[in-house]
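# Breakdown of the fold
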Amino acid sequence: MKMITAIVNKEDTGSVCRALTEAGFSFTKLATTGGFLMSGNTTLLIGTDDDQVDAVIETMRSKCCRRTEIVPATATYGMAMANSYPLEVTVGGSIIFVQDVVRFEKL
Ligand code: 2BA
């Protein structure tokens, strides 16, 4: 079994969650904050069989897109940093980590 940890842009969260549900995958949705932009994103915890990992990722790929975000000149981000001019960063589609699950119990 694997645990997929996926950080999803907030713009894509609704469509990604709908697609995962329609495809029959179980997940837990957490409200999270990116450490660099300090803006809201969503982290999904998706426990699944090894042979379903690619299907989960393809389902997500169909709903996640890369987008450019402009950080205003006055924004502070990270720890005690501020930019003096507008900053353009490419965010997403999704940052995905896949880890082995040593033991799974449902009580
Ligand atoms: P944030 O940390 O808010 O980062 C938003 C975007 O800002 C990143 O998009 C990246 O393009 C840019 N960025 C991040 N750190 C930077 C830096 N030190 N210098 C310049 N630009 C930087 P993504 O790479 O698509 O990441 C989207 C979100 O996924 C991140 O939001 C963070 O919440 C998470 N994430 C990304 N990489 C991660 C990692 N290695 N471990 C844990 N979470 C990660």
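Everything in this summary refers to the structure shown in the same document. From a predicted model like this one, the values you see are computed outputs, not experimental measurements. (Residues numbered from 1 in each chain as written. Predicted model: local features only at pLDDT ≥ 70, side-chain atom pairs only at ≥ 80, totals over all residues. Heavy atoms only, no water.)

## Here's the deal with the nonpolar core
Here is the rule: We call a set of buried residues a nonpolar core when its members are Ala, Val, Leu, Ile, Met, Phe, Trp, Tyr or Cys and they connect through side-chain atoms within 4.5 Å of each other. Under the scheme applied here, a residue whose accessible area is under 20% of the maximum for its type counts as buried, over 50% as exposed, and between as partly exposed, the area being computed with a 1.4 Å probe on protein chains only. Counting from the N terminus, the helices are DSSP H or I runs at least four residues long and the strands are E runs at least two residues long. The criterion used for residue contact is that any of the two residues' heavy atoms lie within 4.5 Å.
Counting residues in hydrophobic clusters, the biggest one holds 14 residues, and the most contacted among them are Val8, Val16, Leu20, Leu44, Ile46, Val56 and Met60. For this core, the element with the highest residue contribution is helix H2 (residues 53-61), accounting for 4 residues. What Ile46 contacts, discounting residues up to four positions off in sequence, is Lys2, Met3, Ile4, Leu20, Ser26, Phe27, Val56 and Met60.

## Here's the deal with the pairing of strand S1 (residues 2-9)
The test is simple: Think of it this way: DSSP has to see at least two bridges between two strands before they count as a pair.
The element S1 is extensively covered by neighbouring structure, given that 6 of its 8 residues are classed as buried. Sheet topology places S1 next to strand S8 (residues 94-100); 7 bridges connect them, and they run antiparallel. When the sheet's bridge partners are listed, Lys2 is paired in S8 with Asp100.

## Considerations on the site of the ligand
Condition: Proximity criterion: a residue is near a molecule or strand once any of its heavy atoms comes within 4 Å of it. Residues adjacent in sequence count toward polar contacts only when both atoms are side-chain atoms; beyond that, a polar contact is any pair of N or O atoms within 3.5 Å, and within protein one must be able to donate a hydrogen and the other to accept it. Per-residue accessibility takes into account occlusion by the displayed protein chains alone, with areas from the Shrake-Rupley method and a 1.4 Å probe. As a working rule, the residues Ala, Val, Leu, Ile, Met, Phe, Trp, Tyr, Cys and Pro are called nonpolar, Asp, Glu, Lys and Arg charged, and the rest polar, with Gly in that last group.
By nearness alone, every residue bordering the ligand is listed as Ile7, Gly34, Gly35, Phe36, Leu37, Asn41, Thr90, Val91, Gly92, Ile95 and Phe97. A distance of 3.0 Å is found between an oxygen atom of the ligand and a side-chain nitrogen or oxygen belonging to Asn41. Gly92 places a polar main-chain atom, nitrogen or oxygen, 2.7 Å from an oxygen atom of the ligand. Calculation on the ligand without its partners gives an accessible area of 750 Å², and the protein chains cover 54% of this total. Elements that contribute at least two residues to the shell around the ligand include exactly strand S7 (87-91) and S8. Here the residues of the shell around the ligand are counted per class, giving 6 nonpolar, 5 polar and no charged.

## Topic: the pattern of salt bridges
Spelled out, the test is: By definition, a salt bridge exists where a carboxyl oxygen of Asp or Glu is found within 4 Å of a side-chain nitrogen of Lys or Arg.
Counted according to the given criterion, the structure contains 5 salt bridges. The partner of Asp100 in a salt bridge is Lys2, with the nearest N and O atoms 2.2 Å apart. Here Asp100, found in strand S8, pairs with Lys2, found in strand S1; they are 98 residues apart in sequence, far enough to count as distant. The class of Lys2 is buried, set by a relative accessible area of 18%. Note that Arg103 is salt-bridged to Glu105, the shortest N-O span being 2.7 Å.

That's the geometry; what it means functionally is another story.
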